[in-house]
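Residue-level listing of the chains:
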Amino acid sequence: MQMRAVIILMGVLGSTVTAAPSARIESIPGIIPQPVKLESKTGEAGFSLKEGIRVHYNVSRSEEGRAAIRALMAAGITEVLPEENEGELTVTIEPGHGKEWYAIRVTPEGIELRVTELGALHLAAQTLAQSITTDAEGNPALPTMNVEDEPMLPYRGLMLDPCRHPQSVEQTKKMLRIMARYKLNRLHWHLTDDQGWRIEIKKYPKLTEVGARRDETPLLTDHEKGDGKPTQPFYFTQDDIREVVAYAGSLGITVVPEIEIPGHASACIAAYPHLGNSDIEGYAPRVATTWGVLPFTMAPKEETFRFIEDVMAEVLPLFPQTEFIHIGGDEAPRDQWEKSPFAREYMKKHGLSNAGQIQHRFTHRVAEMLAPHGRRIIGWDEIMMDGEVPHTAVVMAWRSWVKPDAALTAANRGHDVILSPDSHFYFNFAQGKIPADPAYTPHGNPEAVQDWRHVYSYNPLPAHYTPEQRARIIGLQANCWSESIQNDAKLEYQVVPRICALAEIAWTPASDKRDAEEFLQRIRSHYPWFNAMQINFRHEDGTPNID
Ligand code: ACM
């Protein structure tokens, strides 16, 4: 089937292509992330986009042609003209490369795309979208170019946190467009936390009736004080979720939901208090109005496990593409389990030597619950603290202060690892020392400055890793916790342009020549796109672009 398609499309190319050369092209935008192989030329004509990209009807009606047209349009290349008698676009399936491999050849006559899997057309489309320039007559054009490219790491993620401050469907889509531009392919959507439960679960309406609002929010300027203002209820309906997941899919991004278990569960337990350690003295769960680590953990009752199973029964169909479901697992204090007569009895019954092993049992139970559905768990690195967890579990290594190194511990135990160290990839942290970032309060340590240069200096696969350890590192992710990110403008400021640095270190193998000054030139060539997208990016001197 695939070979036949190739032959037909090559036939189209040979017989009906007409030239559409541009005027001279003097400059070429800098592509981010840097393609593995890129040859392009200035000082000569490229492919003109003035009249659009004509797509022969044989191509527009083929599966790969349709996928390419959709990918080009989704990447913002709106000059595509399907169903023409003449063709300037060819799409070839070329077996034998990696899933995300793609190749592009642009000549004054046309654009040839080659991929092994259709999904990689999104990546090719973004490279083309970034390459659009203006020719000497002021018309849009693509330079002649030859690209062969594929990523170093398959999981390239950004985590958004709509729990601490709301983020609308529209803003989430805008963030997805920014992610797609830089070839990130996973949105980790942190949907539940102490300060709010943000996903509609029909069987448990109180999760959102009670858990999606709170009495007040800590002040930005002083996290120890509340603002005294009850929040509006905020959550994503299941229709909203489907809309975001479908939109992400149209950009080649898979959404990985996170349901926090067993800690960061105050909002859940406030809605259904019996799910917590209800037999401890003074038990009074409520949706949290402070930040930080809170004591409410789920109780290891059969009804809690049934609840998790019910929630997953609604979550899984909403996220049909993802192999991974994130189950949290970070910062689950043991205090309530130590105090609870029920939890103590549970430990005795199951021969557990400390309360931490209750979390360990949660991790196993949920992994086993999801495995028959073909899903693997991702957990923050604390899931490893109290013993072995199923080898299929993916560890998201974030605690950069832990010795021995959490990522290496996970890799040595045979887990796939996503690197998300708070030393480099916490996009909620400040990018300049206060007062250089006056409008933007850091969350946490004011000294923890993580500007794009700091992100860019990170080497995900250092020389001292063994080949076995390297093979376990499946990706990188930046986290954008939203305690101090109270609105869309700040979210964008925190993410752009740091996301460019993240994308490049995940995509392009490090070489001796990772050159921050050269990278800065490429970032600058993206300012027109940031402006066209109305992104509140951070300028080099720390000023916000818009707000
Ligand atoms: C985390 O920052 N608590 C994963």
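Residues numbered from 1 in each chain as written. Predicted model: local features only at pLDDT ≥ 70, side-chain atom pairs only at ≥ 80, totals over all residues. Heavy atoms only, no water.

This next bit is on the packing of helix α5 (residues 169-181) against helix α7 (residues 238-250). α7 packs onto α5 with a crossing angle of 15° between their chain directions and a minimal axis gap of 10 Å. Looking at the two axes, α5 sits roughly parallel to α7. Here α5 and α7 pass one another in a crossing that is right-handed. In this structure, α5 uses Val169, Glu170, Thr172, Lys173, Leu176 and Arg177 to contact α7, whose residues at the interface are Asp240, Glu243, Val244, Tyr247 and Ala248. Of the residues in the contact of α5 with α7, the class split is 5 nonpolar, 1 polar and 5 charged. (Axes fitted to C-alpha atoms, helices over the stretch in contact; angles between N-to-C directions. Helix = DSSP H or I, 4+ residues; strand = E, 2+ residues; numbered from the N terminus. Parallel < 35°, antiparallel > 145°, perpendicular 65-115°, else oblique. Left-handed = near helix turned anticlockwise from the far one by under 90°. Contact = heavy atoms within 4.5 Å. Nonpolar A, V, L, I, M, F, W, Y, C, P; charged D, E, K, R; others polar.)

Our focus in this paragraph is unusual backbone geometry. The peptide bond linking isoleucine 261 to proline 262 adopts the cis configuration, its omega dihedral lying at -5°. Summarising the element assignment, proline 262 is placed in the loop between β16 (254-258) and α8 (266-271). Of note, the amide linkage connecting lysine 403 to proline 404 takes the cis form, showing an omega dihedral of -10°. On the secondary structure map, proline 404 appears in the loop between β19 (394-397) and α13 (406-412). Positive phi values are uncommon outside glycine, yet glutamate 83 reaches one of about 65°. Secondary-structure assignment places glutamate 83 in strand β5 (residues 80-84). Its relative accessible area of 42% is what places glutamate 83 among the partly exposed residues. (Buried < 20%, exposed > 50% of the residue type's maximum accessible area, 1.4 Å probe, protein only.)

Once that is clear, we can look at α7. Relative to the 18 Å expected for 13 residues at 1.5 Å per residue, α7 spans 18 Å between its end C-alpha atoms, a close match to the ideal helical length. Taken together, the buried positions of α7 are Gln238, Ile241, Val244, Val245 and Ala248. The arc that holds every buried residue of α7, seen down its axis, measures 125°, which confines them to one face. Those residues of α7 that are buried are in contact with α5, β13 (186-190), β16 and α9 (302-318). (Expected span 1.5 Å × (residues − 1). Arc of directions from axis to C-beta.)

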